[in-house]
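Spelled out from the first residue to the last, the chains are:
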2 protein chains.
Amino acid sequence: MFQSLETCLEKYVPPEELGHVKRILYGKQLEELQLPELCTNNKENVEVKGYKFDSLVEELREKRIVRVGLIQNQIVLPTTAPLVEQRNAIYKKVGQIISLAAKANVNIICLQEAWSMPFAFCTREKFPWCQFAESVENGPSTTFLKEFCKQHNMVIISPILERDERDIIWNTAVVIDNLGNVIGKHRKNHIPRVGDFNESTYYMEGNTGHPVFETAFGRIAINICYGRHHPLNWLMFGLNGAEIVFNPSATIDGLSETLWGIESRTAAVANSYFSCAINRVGTEIFPAEFTSGDGKPAHKEFGHFYGSSYITAPDGSRTPGLSRTQSGLLISEMDLNLCRQIKDHWGFQMTQRLDLYAKSLDTIVNSTK
Amino acid sequence: MFQSLETCLEKYVPPEELGHVKRILYGKQLEELQLPELCTNNKENVEVKGYKFDSLVEELREKRIVRVGLIQNQIVLPTTAPLVEQRNAIYKKVGQIISLAAKANVNIICLQEAWSMPFAFCTREKFPWCQFAESVENGPSTTFLKEFCKQHNMVIISPILERDERDIIWNTAVVIDNLGNVIGKHRKNHIPRVGDFNESTYYMEGNTGHPVFETAFGRIAINICYGRHHPLNWLMFGLNGAEIVFNPSATIDGLSETLWGIESRTAAVANSYFSCAINRVGTEIFPAEFTSGDGKPAHKEFGHFYGSSYITAPDGSRTPGLSRTQSGLLISEMDLNLCRQIKDHWGFQMTQRLDLYAKSLDTIVNSTK
């Protein structure tokens, strides 16, 4: 299987031309982070990579350095195993990766969408999969992660399948702060109805707006999965003050791979913040067959989740992607002051003419009622 | 000088891996157009490339096939030559390229931003450069192009420096239909204030909104240059019904090259239309020195306009870019029905929640007054 675009380019393109290729495709060259040997050369066979984004030294503000970690993980057991075993196996594995991140002094971690379960929405089966849905405040995933937050002084974003007190299911990201407190949640704003992404069968559009969470390490927000196709979603998180926007996702090669490198990256540039694109990795096979609304025969496989998680800075420079085939941890060190530096440089906020667009959208919305 | 990303990848990456690289970077593989030998192997040494975008065959609508041509051209004479000679030399050259496009049965052509002059705004000099500013209705550029429109049954978009009847200067795209009539204009909505792009010194933000022009060959709009950094600008043209949005630009390698491949392409996907990114090509040197607001010594050179014009379909598939160093004509054949096919497939319009955003933007605008 094709491992990653970056590995391929590094292998074949000679150094001088490679410089041009990388400048065009990835922007300003990033320094690799020196990470502890224990972390990069781990016995769990997790790919660990680290990069440092550049920024200017200001005279009237200290740098605000943060280390962010993105985790992409394959499910561990087959989807036919007892659910509690499936979940515990994922907990064990993700716990190990979080511990690796702690060794590298990561401050904020974001996990992939619906991280504690297989991405079963392709099946359209409510049972058994809705059993994975859990409480934001005291479900097993929140309980599990709180300990890591406290132990390692870490903020963790935990995208789960939520079941609320009225038994309504949501696709939700829980934000747990570095003291182990749930400081808020965000419910996915845009729900796909494309191919095997039958998610509107399971949950509705989020009702939490575009919250930005003030943490000890910076102002963060979450744009869940399909929301990355919606520039207005990215925009609102920026207008509300986000400095880092995480995009925990689950998407497959046949559907979206050619869009993966451009949407989250364009959003970072347009909104002058850091964007973090996280994709599930691996191939998931389900017990019962399902159809995909494409006229083809029933089958049991969702397709390949291609990983390739990456981070983009407000100046458009980006890290290479993690592998397309392997669980991994991507670490980046960034100075949040870069957001304002780039706003001053490019001037996108100053030239944005929001009043014009507020009026235009209002007219459109009223004319189509 | 590095000729183009695509030439480099084709040269070094072996066929099987190249397939993966292209699928990730360019989407669905495009067929090359068979163009007349006279056209591709021309004596003017203009690079001519042609591609065909794929679409489904519908049963209840005929295909709506259009051929679009993008022209990127170097200026011909030095910027020290008499202005009328500079302009006539460009007219001659661009006229030749339009004739090549006519041989390939192109229906709609778009020229680069301020195509009939050097991009002199880096100098901050009003004289002599504002002399190039001209009337939309009957300036020399409109008069020159009308003849080609009539002769070849072609729509031409002509981005010029406009001088209106009150002697106000604008950055404007003129739309001339296939009968040679000016059917409208669009004035650049977002004006840069970055590096040598001192354009706010010359003209103000456009006052023409987001018009979409109904032509014999489809509904078209123009997002001029820096407007490509503004997702709301792209969005409004889509909401107003555009099927093809042209982005005539002038931008240089030190500033924006790493963003070039992602912004226009993301817009095509987010708004389910074809986007056409056109960049000026070549290096322009001015008679008097100027500074760039970056603490560096005065100099006379703007930097390298890197060409690389390309077209993206609503499904994200894109053509390779034209050369970074040479004048060129990029032709694409497309079925405009693909816009609606992709809207049905991805559902971005249905899931867009415009009412939510109209309300949110309104709140933001009112709270920051």
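Calculation notes
- Residues numbered from 1 in each chain as written.
- Chains lettered and ligands numbered in written order.
- Predicted model: local features only at pLDDT ≥ 70, side-chain atom pairs only at ≥ 80, totals over all residues.
- Heavy atoms only, no water.
- Helix = DSSP H or I, 4+ residues; strand = E, 2+ residues; numbered from the N terminus.
- Contact = heavy atoms within 4.5 Å.
- Phe/Tyr/Trp six-rings, centres within 6.5 Å; stacked < 30°, edge-to-face > 60°.
- Buried < 20%, exposed > 50% of the residue type's maximum accessible area, 1.4 Å probe, protein only.
- Lys NZ or Arg CZ within 6 Å of the ring centre and 35° of its normal.
- Salt bridge = Lys/Arg side-chain N within 4 Å of Asp/Glu carboxyl O.
- Polar contact = N/O pair within 3.5 Å; in protein donor to acceptor, adjacent residues only side chain to side chain.
- Nonpolar A, V, L, I, M, F, W, Y, C, P; charged D, E, K, R; others polar.
- Core = buried A, V, L, I, M, F, W, Y, C linked by side-chain atoms within 4.5 Å.
- Pairing = 2+ DSSP bridges.
- Right-handed = clockwise from strand over helix to strand, strands pointing away.
- Least-squares fit on C-alpha atoms with pLDDT ≥ 70 in both.
- Expected span 1.5 Å × (residues − 1).
- Arc of directions from axis to C-beta.
- UniProt positions renumbered as here; feature names shortened; annotations may be inferred.

1. What about the environment of Gln112(B)?
All names here are of chain B.
Turning to step 1, where the next piece is worked out: Secondary-structure assignment places Gln-112 in the loop between strand E4 (108-110) and helix H5 (140-152).
Turning to step 2, where the next piece is worked out: As for Gln-112 and Arg-280, which are separated by 168 residues in sequence, their C-alpha atoms are 5.9 Å apart.
Turning to step 3, where the next piece is worked out: Apart from the residues lying within four places of it in its own chain, the contact partners of Gln-112 are Ile-71, Gln-72, Asn-73, Pro-159, Pro-248, Ser-249, Ile-278, Asn-279, Arg-280 and Val-281.

2. Focus: the packing of aromatic side chains
Turning to step 1, where the next piece is worked out: Under the defined criterion, the tally for this structure stands at 40 aromatic pairs over all chains.
Turning to step 2, where the next piece is worked out: When the centroid spacing of 4.6 Å and the interplanar angle of 10° are considered together, the rings of Tyr91(B) and Phe144(B) count as stacked. Remark: Phe144(B) occurs in helix H5 and Tyr91(B) occurs in helix H4 (residues 83-103); sequence separation between them is 53 residues.
Turning to step 3, where the next piece is worked out: Judged by its relative accessible area of 7%, Tyr91(B) falls in the buried class.
Turning to step 4, where the next piece is worked out: The residue whose ring lies beneath Lys126(A) is Tyr202(A), and the NZ or CZ to ring-centre distance is 5.7 Å.
Turning to step 5, where the next piece is worked out: When the ring centre of Phe305(B) is taken as origin, the NZ or CZ atom of Arg280(B), which lies over that ring, is 5.7 Å away.

3. Section: the interface of chain A and chain B
Turning to step 1, where the next piece is worked out: Contact residues are listed per partner, giving 66 residues for chain A and 66 residues for chain B.
Turning to step 2, where the next piece is worked out: Where chain A touches chain B, the interface holds two salt bridges.
Turning to step 3, where the next piece is worked out: A salt bridge links Arg23(B) to Glu257(A); the shortest N-O distance between them is 2.9 Å.
Turning to step 4, where the next piece is worked out: Counting the contacts that link chain A with chain B gives 35 residue pairs in polar contact (both at pLDDT 80 or more).
Turning to step 5, where the next piece is worked out: Those elements that provide at least two residues to the side of chain A that touches chain B are helix H1 (5-12), helix H2 (15-26), helix H6 (231-239), helix H7 (253-271), helix H8 (337-346) and helix H9 (354-367) of chain A.
Turning to step 6, where the next piece is worked out: Among the residues forming the side of chain A that touches chain B, the class breakdown is 34 nonpolar, 19 polar and 13 charged.

4. Some words on helix H8 (residues 337-346) of chain B
Turning to step 1, where the next piece is worked out: For H8(B), the full list of buried residues reads Asn337(B), Leu338(B), Cys339(B), Gln341(B), Ile342(B) and Trp346(B).
Turning to step 2, where the next piece is worked out: In this fold, the buried residues of H8(B) make contact with H7 of chain A together with strand E11 (274-279) and strand E15 (328-335) of chain B.
Turning to step 3, where the next piece is worked out: Looking at the residues trailing H8(B), positive phi occurs at Gly347(B), about 70°.

5. Thoughts on the nonpolar core
Within soluble globular proteins, side chains that are nonpolar tend to cluster in buried spots.
Turning to step 1, where the next piece is worked out: Core analysis: the biggest nonpolar cluster contains 68 residues, and Val68(B), Ile108(B), Ile220(B), Ile244(B), Phe246(B), Phe274(B) and Met334(B) have the highest contact counts within it.
Turning to step 2, where the next piece is worked out: Sorting elements by how many residues they give to this core places H8(B) first, with four residues.
Turning to step 3, where the next piece is worked out: By size, the runner-up hydrophobic cluster in this structure holds 61 residues, among which are Cys110(A), Phe217(A), Phe132(B) and Phe286(B).

6. Brief notes about the side chain of Arg228(B)
Residues and elements named next belong to chain B.
Turning to step 1, where the next piece is worked out: If you trace the backbone, Arg-228 turns up in the loop between strand E9 (218-222) and helix H6 (231-239).
Turning to step 2, where the next piece is worked out: Residue classification places Arg-228 among the buried residues on the basis of a relative accessible area of 4%.
Turning to step 3, where the next piece is worked out: Those residues in contact with Arg-228, other than ones at most four positions away along the chain, are Asn-223, Trp-234, Asn-247, Ser-249, Thr-251, Ser-256, Trp-260 and Glu-263.

7. Description of the pairing of strand E10 (residues 244-249) of chain A
Residue and element names in this part refer to chain A.
Turning to step 1, where the next piece is worked out: Of all six residues in E10, six are buried; the element is thus mostly enclosed.
Turning to step 2, where the next piece is worked out: The alternating pattern of E10 places Ile-244, Phe-246 and Pro-248 on one face and Val-245, Asn-247 and Ser-249 on the opposite face, and all of these are buried.
Turning to step 3, where the next piece is worked out: With three bridges connecting them, strand E9 (residues 218-222) and E10 associate as parallel partners. For Ile-220, the partnering residue across the bridge sits in E10 and is Ile-244.
Turning to step 4, where the next piece is worked out: Between the parallel elements E9 and E10, the chain passes through H6 in a crossover that is right-handed.
Turning to step 5, where the next piece is worked out: As paired elements, E10 and strand E11 (residues 274-279) share six bridges and run parallel to each other. Looking across to E11, one finds that Pro-248 is bridged to Ile-278.
Turning to step 6, where the next piece is worked out: The parallel pair E10 and E11 is bridged by H7, and the resulting crossover is right-handed.

8. Brief notes about unusual backbone geometry
All names here are of chain A.
Turning to step 1, where the next piece is worked out: In this structure, the amide linkage connecting Phe-127 to the following residue, Pro-128, adopts the cis form with an omega of 10°.
Turning to step 2, where the next piece is worked out: Mapped onto the secondary structure, Pro-128 falls in the loop between strand E4 (108-110) and helix H5 (140-152).
Turning to step 3, where the next piece is worked out: Non-glycine residue Arg-124 carries a positive phi angle of around 65°.
Turning to step 4, where the next piece is worked out: Examined against the element boundaries, Arg-124 turns out to sit in the loop between E4 and H5.

9. Let's talk about the relation of the copies chain A and chain B
The two chain copies are connected by a rotation around an axis plus a translation along it.
Turning to step 1, where the next piece is worked out: Least-squares fitting of chain A to chain B yields an RMSD of 0.0 Å, with the transformation described by 0.0 Å of translation along the axis and a rotation of 180°. Such a combination of rotation and displacement between the chain copies is what one expects of a two-fold axis. Every residue of chain A has its C-alpha some distance from the rotation axis, and the shortest such distance is that of Ile262(A), at 2.6 Å.
Turning to step 2, where the next piece is worked out: Of the interface residues in chain A, 100% have counterparts in chain B that sit at the interface too, so the contact is made through matching surfaces.

10. Points about H5(A)
Residue and element names in this part refer to chain A.
Turning to step 1, where the next piece is worked out: Between its first and last C-alpha atoms H5 spans 19 Å; for 13 residues at 1.5 Å apiece the expected length is 18 Å, and the two agree.
Turning to step 2, where the next piece is worked out: Looking only at H5, the buried set comprises Ser-141, Thr-142, Leu-145, Phe-148 and Cys-149. Along the axis of H5, the buried residues cluster in a sector spanning 125°; they form a single face.
Turning to step 3, where the next piece is worked out: Looking at the buried side of H5, the elements it contacts are helix H4 (83-103), strand E5 (155-163), strand E6 (169-176) and strand E7 (182-187).
Turning to step 4, where the next piece is worked out: Positive phi shows up at Asn-153, right after H5, with a value of about 55°.

11. Points about the UniProt feature "domain: CN hydrolase" (unreviewed entry) in chain A
Turning to step 1, where the next piece is worked out: UniProt's feature table lists "domain: CN hydrolase" (unreviewed entry) at residues 66-336 of chain A, given in the numbering used throughout.
Turning to step 2, where the next piece is worked out: Here residues 66-336 of chain A is 23% helix and 30% strand, with 7 Å between the C-alpha atoms at its ends.

12. What to know about the pairing of E15(B)
Residues and elements named next belong to chain B.
Turning to step 1, where the next piece is worked out: Counting buried positions over the eight residues of E15 gives eight, a clear majority of the element.
Turning to step 2, where the next piece is worked out: Taking every second residue as pointing to the same face, both faces of E15 are buried, with Gly-328, Leu-330, Ser-332 and Met-334 on one and Leu-329, Ile-331, Glu-333 and Asp-335 on the other.
Turning to step 3, where the next piece is worked out: As defined by bridge partners, strand E2 (residues 47-52) adjoins E15 across six bridges and the pair is classed as parallel. The partner of Val-48 across the bridge, within E15, is Leu-329.
Turning to step 4, where the next piece is worked out: In this sheet, E15 lies alongside strand E3 (residues 65-72) in antiparallel orientation, the contact comprising eight bridges. Each residue of the ladder has a partner; that of Ile-71, found in E15, is Leu-329.

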